[in-house]
Amino acid sequence: MSNYTPLYRKYRPQTLETLVGQEHIKKTLTSAIELGKISHAYLFTGPRGTGKTSTARILAKSLNCKNGPTIHPCGECESCNDIANSIPIDVIEIDAASNRKVEDAQSILEKVQYVPVNGKYKIYIIDEVHMLTNHAFNALLKTLEEPPENVIFILATTEVHKVLDTIKSRCQRFDFRRITTEDIVKHLRFISDKEKINITDDALFAIAKNSAGGMRDSISLLDQLSLLGVTKEITTEDVNAVLGRISFDILFKLTEQLISSNHANAIELLNNIYNSGNEPLQILTNLSEYFKNLLIVKTCSNNLLVELTGLNEPQIKELSTQKEKLEVQQIVFLIERISYYIKEVKLATNQHLWLEVGIIDLANMSENSTLLELQNRIKALEGGVVCTPSAPVQVVTRPSPIPPAPKAEEIKPIPQPMPTKIEETFTPPPISKKPDGNDIASLWQCLLANIKSPSTQALLKLANPIQISADGVIITFKNERLVTQVNDTNKKKLIVEAANTMFNKTDVNVTIRLAQSGDTKIEVKPQPQPQPVQQPVSEPQPQPKKEEPKPAVEKKEEVKREETDQEKMVLDLFDGKYVE
């Protein structure tokens, strides 16, 4: 049998000083040991591979060492050797995943009463304590609250939210954080030098990034790669090969084809990647991580890019050139679509089929317009009017349901049989004139067109615009009640939303006030209305005359006054009526 010891066990920390990271925990436990303030129960929580179990063993050594309590256990006495060799004399390690029943908890409680043999304390280290059943937790409650003298419980878990609150409240809680990439790289370099492993710094960085803050996973991967370091230097490509990752250069070529909407080249590259032994799920996952790094390069400052992405300077430079071809929301859209296809591939029986469908879909970058274009297209589909923020401001009208009129040279006559005595004329729908950026009347028309509520549009026809710009909008009324009506209702919010859409902003200031003597009256010309199509004219048929009964008493004929549209709107608004 081989006597080889895995590196993660060989280089497991033996004292608090050698524990990598977790400075806040080292300081607290060091002070507790030096001051003799030892709690009866501890709860260690945090991600896997961050040092929870190692710290529990170090604490047990520090308390039971023949020189203890001490922050420098000798590692040679009987107690230290028993802990190092996992001999359950005074320090008992229990895996709660396989000992989770109430009977297991009761068995522990029966042995709690025994006094320690070699050390000063009897210490129970319960790993993955969240796996215990509620009945097992309840069996431990009383003992955790009032344990026998010289008995200490150390509970470790990766999912503290599953531990009962009654348990957590009886323990001193220590939260272990993910170890930083920098600390992991330093420790891996220390181990590599001690073990004479020939590996580059970039490869160590790739290992550290892959571990997601866990030291044990990093050391295990280094141990696996060390077999390659005998004959050659271990590089990032070797790390990617072991992890099943696709190289950065291949992913860069693939994304270039996706961004340029080159479906044929994208599928050809995909087949080469797939035939090299990469599984569909792995390809999509790597592609998702690539776009995540592209998003980081697009949005974050340059001094953080190496740390956040785990890439080297030449790779970040290539991403910096690629980021100019995409907007932020486009990258987010691509990541979301990749996430969707990852879910589909996991459930599909023909994974390669869904992989190809996903790549073709991602290659449709020509359909993935910029954010402003998408907003305009949505407004157009809703029958709205959108103005671009650049000068001059342009109005795009999409009359619905009548389509835009074709150009004269594009109209081709279609011969149709004409009915007798029918005159038919065609009038193309009106097209709004593009407003001048300095013409307030045109800007006013554009603002009105972007307001969603017809009643608010009608009310504003009684108003006079004083200023319409990205710096602010000022609208006046002659009637104070109209000013109050707009300011105190949802109508002002609609005006603000229209101004924000018009100038592509989120905070355009809109002021509604009474007209003043110095205000300039803006004459707004009405928009041309389409002429109605003439209906077929037919010969009038004679109708028989009916005798109408004469009224018993002759009434004076009333003259009814025709109301304008604006007057009707105001009357409806205030429930008013004319008073002669």
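Basis of the calculations
- Residues numbered from 1 in each chain as written.
- Predicted model: local features only at pLDDT ≥ 70, side-chain atom pairs only at ≥ 80, totals over all residues.
- Heavy atoms only, no water.
- Helix = DSSP H or I, 4+ residues; strand = E, 2+ residues; numbered from the N terminus.
- Buried < 20%, exposed > 50% of the residue type's maximum accessible area, 1.4 Å probe, protein only.
- Contact = heavy atoms within 4.5 Å.
- Areas by Shrake-Rupley, 256 points an atom, 1.4 Å probe, with all protein chains shown as cover.
- Pairing = 2+ DSSP bridges.
- Axes fitted to C-alpha atoms, helices over the stretch in contact; angles between N-to-C directions.
- Arc of directions from axis to C-beta.
- Phe/Tyr/Trp six-rings, centres within 6.5 Å; stacked < 30°, edge-to-face > 60°.
- Left-handed = near helix turned anticlockwise from the far one by under 90°.
- Nonpolar A, V, L, I, M, F, W, Y, C, P; charged D, E, K, R; others polar.
- Polar contact = N/O pair within 3.5 Å; in protein donor to acceptor, adjacent residues only side chain to side chain.
- pLDDT = per-residue confidence, 0-100.

Scanning the protein from N- to C-terminus turns up 24 helices and 10 strands. The burial tally for the protein puts 39% of its 580 residues in the buried class. Summarising the internal contacts of the protein: among those between residues at least 6 apart in sequence, 72% fall at separations of at least 24. In the structure as shown, the protein presents an accessible area of about 35100 Å², 51% of it carried by carbon and sulfur atoms.

Once that is clear, we can look at the sheet that holds strand β3 (residues 122-127). With parallel pairing, the five strands of this open sheet are ordered in space as β2-β3-β4-β1-β5. In this open sheet, the two edge strands, each paired with only one partner strand, are β2 (91-95) and β5 (172-175). Neighbour to neighbour, the strand axes of the sheet diverge by 15 degrees on average, direction disregarded. Looking at chain direction, strand β1 (residues 41-45) and β5 are connected through four bridges and run parallel. In the strand pairing of β5, Phe44 is matched with Phe174.

Looking now at helix α16 (residues 313-322). Among the residues making up α16, those that are buried are Gln315, Ile316, Leu319 and Gln322. The arc enclosing the buried residues of α16, seen along the axis, measures out at 115 degrees, which places them on a common side. In this structure, α16 carries Glu313, Pro314 and Lys317 as exposed residues pointing more than 90 degrees from its buried face. Among the structural elements, α12 (248-259), α14 (280-299) and α15 (305-309) are those in contact with the buried residues of α16.

To describe a pair of aromatic rings, you give the distance between the ring centres and the angle between the ring planes. Scanning the entire structure with this criterion turns up 11 aromatic pairs. Summarising the aromatic geometry, the rings of Tyr11 and Phe190 are spaced 6.4 Å apart at their centres and angled 85 degrees between planes, so their arrangement reads as edge-to-face. Of this pair, Tyr11 sits in the loop between α1 (7-10) and α2 (23-35) while Phe190 sits in helix α8 (residues 181-195), placing them 179 residues apart in sequence. On the accessibility criterion, Tyr11 (16% relative accessible area) is buried. Look at Phe190 and you get partly exposed, because its relative accessible area is 41%. Ring centres of Phe248 and Phe252 lie 6.4 Å apart, and the angle between their planes is 20 degrees; on these two criteria the pair is classed as stacked. Of this pair, Phe248 and Phe252 are both found in helix α12, four residues apart, which corresponds to roughly one turn of the helix. Accessibility classification places Phe248 together with Phe252 in one group, the buried group.

We now examine the packing of helix α20 (residues 440-449) against helix α23 (residues 491-503). Contact geometry of α20 with α23 gives a least axis separation of 8 Å together with a crossing angle of 115 degrees. Where α20 crosses over α23, the handedness of that crossing is right-handed. Taken together, the residues of α23 that come into contact with α20 (itself represented by Leu443, Cys446 and Leu447) are Ile495, Ala498, Ala499 and Met502. Across the contact of α20 with α23, the residue classes tally to seven nonpolar, no polar and no charged.

This part covers the environment of Asn479. Turning to its location among the elements, Asn479 is positioned in the loop between β9 (472-477) and α22 (480-487). Residue Asn479 is classed as partly exposed on the basis of its relative accessible area of 35%. Along the primary structure Asn479 and Leu514 are separated by 35 residues, whereas in three dimensions their C-alpha atoms are 6.9 Å apart.

Quick look at the side chain of Lys26 now. By secondary structure assignment, the location of Lys26 is in helix α2. Using a relative accessible area of 11% as the deciding quantity, one classes Lys26 as buried. In terms of polar contacts, Lys26 uses its side chain to reach the backbone carbonyl oxygen of Leu19, at 2.9 Å. Ignoring any residue separated from it by four or fewer positions in sequence, one finds Lys26 in contact with Leu16, Glu17, Leu19 and Gly21.

In this section: the confidence of the model for the protein. Across the protein, the average pLDDT comes to 78, with 76% of residues at 70 or higher. In this model residues 527-538 is a low-confidence stretch, pLDDT under 50, and it forms nine contacts with partners more than four residues away in sequence or in other chains. Scored below 50 in pLDDT, residues 553-560 makes zero contacts in the model with residues more than four places away or belonging to other chains.

On to the side chain of Gln257. Position of Gln257 among the secondary structure elements: in helix α12. Discounting residues that sit within four places of it in the chain, Gln257 has contacts with Asn262, Asn265, Ala266 and Leu269.

Turning our eyes to something else, we now look at the sheet that holds strand β8 (residues 464-469). On the basis of which strands lie adjacent, the open sheet formed by three strands has the order β8-β9-β10 and mixed pairing. Looking at which strands have only one partner, the edges of the open sheet turn out to be β8 and β10 (510-514). Along the sheet, successive strands turn relative to each other by an average axial angle of 10 degrees, direction set aside. Bridge count for β9 against β10 is five bridges, and the pairing is parallel. Within the sheet, the bridge partner assigned to Val473 lies in β10 and is Val510. On top of the sheet, α22 reaches β9 and β10; it is set at about 155 degrees to β10, its chief contact. Strand contacts of α23: β8, β9 and β10, with the helix running at about 135 degrees to β10, the strand carrying the most contacts.

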